[in-house]
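This is what each chain is made of:
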Amino acid sequence: DPRDVEDLLAKNRVDLIITDFMMRYKTGFDIAVAIKEKYPNIKIIMCSANIKTHPHWFDDWERKGHINSSIAKPFEIDVLSKTVRKVLDCKPQLV
């Protein structure tokens, strides 16, 4: 439930969040922005069927640092595994 994210992050050490774009109470984008504001080191992978129809949204969010990567649904487990490895291995860029 996206409403539980704040509480979970306050109580647990989290390195990576994999979220869907379309959810019941908030979008994955809303969650990603809130997480990155408070926890900028947490990596976020966004999953969505909308990537196929609106790839520019996800490219823009990644470029702005709201997410670290995205995966189009449906996806194979090897795509998820490679994306997770790529995101976790990526070193933060110095600005």
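The text that follows walks through the structure, step by step, so that each part is easy to find. If you're wondering where the values come from, they're calculated on a predicted model, not measured in any experiment. (Residues numbered from 1 in each chain as written. Predicted model: local features only at pLDDT ≥ 70, side-chain atom pairs only at ≥ 80, totals over all residues. Heavy atoms only, no water.)

1. Some thoughts on the pattern of salt bridges
Inference 1: In the structure shown here, the tally under the stated rule is seven salt bridges.
Inference 2: With its nearest N and O atoms 3.7 Å apart, the salt bridge here joins glutamate 6 to lysine 38. Of this pair, glutamate 6 sits in helix α1 (residues 5–11) while lysine 38 sits in helix α2 (residues 28–38), placing them 32 residues apart in sequence.
Inference 3: A relative accessible area of 54% places lysine 38 in the exposed class.
Inference 4: The closest approach of N and O atoms between lysine 11 and aspartate 7, which form a salt bridge, is 3.3 Å. In this pair, lysine 11 and aspartate 7 are both assigned in helix α1, four residues apart and thus about one turn of the helix distant.
Inference 5: Each of the salt bridges in this network shares a partner with another, and the network as a whole consists of Asp60, Arg63 and Lys64. (Salt bridge = Lys/Arg side-chain N within 4 Å of Asp/Glu carboxyl O. Helix = DSSP H or I, 4+ residues; strand = E, 2+ residues; numbered from the N terminus. Buried < 20%, exposed > 50% of the residue type's maximum accessible area, 1.4 Å probe, protein only.)

2. Observations concerning the packing of aromatic side chains
Inference 1: Counted by the stated rule, this structure contains seven aromatic pairs.
Inference 2: Connected via pairs of aromatic rings, a cluster forms that spans Phe21, Phe29, Trp57, Phe58 and Trp61. (Phe/Tyr/Trp six-rings, centres within 6.5 Å; stacked < 30°, edge-to-face > 60°.)

3. Topic: the nonpolar core
Inference 1: Formed by 14 residues in total, the largest nonpolar core has its most connected members in Leu9, Ile17, Ile35, Ile44, Met46, Phe58 and Ile67.
Inference 2: Broken down by secondary-structure element, the contributors of at least two residues to this core are α1, α2, β2 (43–48) and α3 (55–63).
Inference 3: The contacts of isoleucine 67, once residues within four sequence positions are left out, are Ala32, Ile44, Met46, Phe58, Trp61 and Glu62.
Inference 4: Listed in part, the six residues of the second largest apolar core include Ile71, Leu80, Val84 and Val87. (Core = buried A, V, L, I, M, F, W, Y, C linked by side-chain atoms within 4.5 Å. Contact = heavy atoms within 4.5 Å.)

4. Some details on the sheet that holds strand β1 (residues 16–20)
Inference 1: Across the sheet, three strands lie side by side as β1-β2-β3; this open sheet has parallel pairing. Edge positions in the sheet fall to β1 and β3 (69–72), since each of these pairs with one other strand and no more. Averaged over all adjacent pairs, the angle separating strand axes in this sheet is 20°, with direction ignored.
Inference 2: Across five bridges, β1 lies against β2 in parallel orientation. (Pairing = 2+ DSSP bridges. Axes fitted to C-alpha atoms, helices over the stretch in contact; angles between N-to-C directions.)

Treat this as a map of the structure, not an account of what it does.
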